[in-house]
Amino acid sequence: MSAYRKHRLLFWVGGTFGALIVALFIASFFLDDMIRARTQVAMDQKLKGYHVVLAHAHLQLVGGILTLNGLKVIQLAHPHPAIVDVSMMRFHIQVKELFSRRVVADVLLSHPKVHIDQTQLAAEKKDKVPLREKGWQDALEAAYPFKINRFTIDGGDVVYIQDAVNPPLHLAKLNFTTDNIRNIHAPNNVYPSKFHANVVIFGTGQATIDGHANFLEEPFPGARAQYTIENVPLSAFDSQIRQMNVAVSGGRLSSNGLLEYSPKVTRVQVDNATVDGVALGYLHAPSTRQAEARRVKETGKQIEKQNNRPAVDISVGELDITHSSFSFTDKTTNPNYRLFFSDADIALKNLSNHQQQGRADLTLRGKFMGSGDTSVSGDFLASQHGPAFDLNVAIQNTELPSMNDILRAYGRFDVAAGQFSVFSEIDIKDGDMSGYVKPMFAGLEVYNYQKDKHAGLLHQAKELMIGGASRLFKNRSTQQVATKVDLKGKLTGPDISTWQAIVQVLHNAFIQAILPGFDRAARPNAATGVATPANRVH
């Protein structure tokens, strides 16, 4: 008996099965248009404010593999360009979970591109429906009949374009993988799903994220992850933060820590952060004066809102800023002036929004106006009873001519030579302020014929009087003009933040001690060298 006759049934079954597979394989190509139309409509119905365009779809009936090509997501308000452009998206059944008696999907997005410009972002901000409620997950699940359990992004690209002048913000080579989205395994864990991501930030920076999530948590998913970022160029943010009157150039950021965000808790734990070689400048301008005031007020409210809030944990173990500069430019005065610190090193340790974590320590070293040796040290606490901090400041031997613009703006005179120093200790607690500011001036030369020969006669006479009087009141042993102003009183409001309090104190010290120091040097009744300001900080 031949092998065929002996196993005729087996051959027949095998042949039939093979023919069926071939038939299904061939038939699947005739379904492409129908699958494409059906998938596009199904995804469209789930989205709010956005529209899907799908170039091609193919369902491989053998294996249940669905492949989508040329998938674009378009914002209805501003259709061009597309917000999302995915070259290929593939769905298939996750085989390993069949052993757990679950039929779930594995999804791959190959080289997706996300493009957002300023116009599209503004439209999204105006929309009353939050971004996370636009139906993204529902649209993804509408394309395939099985729930997604594994999700992968391979070679993603994200671009934000502010305008045609400034370079875009670019995240490249984004890779992301997460599994167990349906909480099949370890369902009792707070975050059952594991995920990993890495990305290139603005051309030179690198970021790696490893964590766990609960994608089924309501009303939105929660996640906790360790992060590491290296060599991120801060100058890339310049065009964005200029809208807040801040300019940034240079600077590289590296950091590591932990992030957690869920309906129950928000945690930002920066273990270490370093910024090297950044130049930050703030511009105070007439056209933005009111917006600046509102911004400062809102920022202060947000800081105080988060202080000691149980569900919010923000901490910085150590922040180091090295080889950097900071400046303040005031365009509201005549003439305009600029104050700056160069060669600045700042160290901040143990910063927290919870009082129980103890006091944060701050140190600053640098050059005020490029010449004054500067040393600042202090500590502050996230107190439940308002700002609480101690601050010690020493600025020595600043060349006074570098401050001529601010002297002209407030004192209506300038100097030809001299050095400026200031020493201060300030303590704030329970809304009460105490301390002192002691400005000192050495080698003061207000009048200089070569410098002032083209000035008016009255201006020359004024500077001669100031310069002559300053020589009358020099400390004979040190040849310095010195005064001391005690700072005592209460802050202007009980709800101001620590940062607002610091700004108030510095403003008070400058207006009531440093600038009047020049005037006291010129007035005989200032010979006592001690003055007490009004009892309230302005």
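Residues numbered from 1 in each chain as written. Predicted model: local features only at pLDDT ≥ 70, side-chain atom pairs only at ≥ 80, totals over all residues. Heavy atoms only, no water.

Engineer: Can you tell me about the overall build of the protein chain, naming the residues and giving the values?
Structural biologist: Of regular secondary structure, the protein chain possesses 11 helices and 22 strands. The proportion of buried residues among the 538 residues of the protein chain is 42%. Contacts in the protein chain between residues at least 24 apart in sequence constitute 60% of all its contacts with a sequence separation of at least 6. Split by element, the accessible area of the protein chain, about 29100 Å² in all, is 58% carbon and sulfur. (Helix = DSSP H or I, 4+ residues; strand = E, 2+ residues; numbered from the N terminus. Buried < 20%, exposed > 50% of the residue type's maximum accessible area, 1.4 Å probe, protein only. Contact = heavy atoms within 4.5 Å. Areas by Shrake-Rupley, 256 points an atom, 1.4 Å probe, with all protein chains shown as cover.)

Engineer: Give me unusual backbone geometry: which residues, what numbers.
Structural biologist: Residue His80 is joined to Pro81 through a cis peptide bond whose omega torsion reads -5 degrees. Locating Pro81 in the fold gives a position in the loop between strand 2 (65-75) and strand 3 (84-93). In the segment running from Glu218 into Pro219, the intervening peptide bond is cis, with an omega of 5 degrees. The topology assignment puts Pro219 in the loop between strand 9 (205-214) and strand 10 (222-233). At Asn245, a position not held by glycine, the phi torsion is positive, near 65 degrees. Here Asn245 is to be found in the loop between helix 6 (238-241) and strand 11 (246-261).

Engineer: Give a description of the nonpolar core that names residues and reports values.
Structural biologist: By size, the foremost hydrophobic cluster in this structure holds 38 residues, and its most contacted members are Phe368, Leu400, Met403 and Phe420. Residues Ile148, Phe151, Ala197 and Ala225 belong to the second largest nonpolar core, which totals 32 residues. (Core = buried A, V, L, I, M, F, W, Y, C linked by side-chain atoms within 4.5 Å.)

Engineer: Help me get a handle on the pairing of strand 16 (residues 372-381), residues and values and all.
Structural biologist: Burial runs high along strand 16: 7 of the 10 residues are buried. Here strand 15 (residues 360-368) runs beside strand 16; their pairing, made up of 9 bridges, is antiparallel. Looking across to strand 16, one finds that Lys367 is bridged to Asp373. By the bridge criterion, 9 bridges tie strand 16 to strand 17 (residues 388-399) in an arrangement that is antiparallel. If you follow Val376 over to strand 17, its bridge partner there is Val393. (Pairing = 2+ DSSP bridges.)

Engineer: So what's going on with the environment of Asp414? Residues and values would help.
Structural biologist: Mapped onto the fold, Asp414 is located in the loop between helix 8 (404-410) and strand 18 (417-429). Residue Asp414 is classed as buried on the basis of its relative accessible area, which comes to 7%. Counting along the chain gives 14 residues from Asp414 to Leu400, while the straight-line C-alpha distance between them is 8.7 Å.

Engineer: Which residues make up the pairing of strand 11, and what are the values?
Structural biologist: Where strand 10 and strand 11 come together, 9 bridges link them in antiparallel fashion. The partner of Arg224 across the bridge, within strand 11, is Glu260. Bridge count for strand 11 against strand 12 (residues 266-284) is 15 bridges, and the pairing is antiparallel. Counterpart to Arg252 in the pairing with strand 12 is Asp276. Hairpin connection between strand 11 and strand 12: a loop of 4 residues separates the two successive antiparallel strands.

Engineer: So what's going on with helix 4 (residues 118-126)? Residues and values would help.
Structural biologist: Buried within helix 4 we find Gln120, Ala123 and Glu124. Considered in projection along helix 4, the buried side chains sweep an arc of 100 degrees and stay on one side of the axis. Those residues of helix 4 that are exposed and angled more than 90 degrees off the buried face are Lys125 and Lys126. Buried positions along helix 4 lie against strand 1 (50-60), strand 2 and strand 5 (113-117). For helix 4, the N-terminal cap is Asp117; the gap from its side-chain oxygen to the backbone nitrogen of Thr119 is 3.2 Å. (Arc of directions from axis to C-beta. Polar contact = N/O pair within 3.5 Å; in protein donor to acceptor, adjacent residues only side chain to side chain.)

Engineer: Break down the side chain of Asn183 for me, citing the residues and quoting the values.
Structural biologist: Positionally, Asn183 belongs in the loop between strand 7 (169-179) and strand 8 (193-201). Each residue touching Asn183, except ones within four places of it in the same chain, is listed here: Pro192, Ser193, Asn214 and Leu216.

Engineer: Could you give an account of a nonpolar patch on the surface, naming the residues involved and the relevant values?
Structural biologist: On the surface, a nonpolar cluster with roughly 430 Å² of combined accessible area is contributed by Val95, Leu98, Phe99 and Val103. Counting through the fold element by element, Phe99 comes out in the loop between strand 3 and strand 4 (105-110). Among the residues examined, Phe99 registers a relative accessible area of 74% and is labelled exposed. (Patch = residues over 30% accessible without salt bridge, like charges linked within 9 Å, V, L, I, M, F, W, Y side chains within 5 Å. Salt bridge = Lys/Arg side-chain N within 4 Å of Asp/Glu carboxyl O.)

By themselves these figures say nothing about function.
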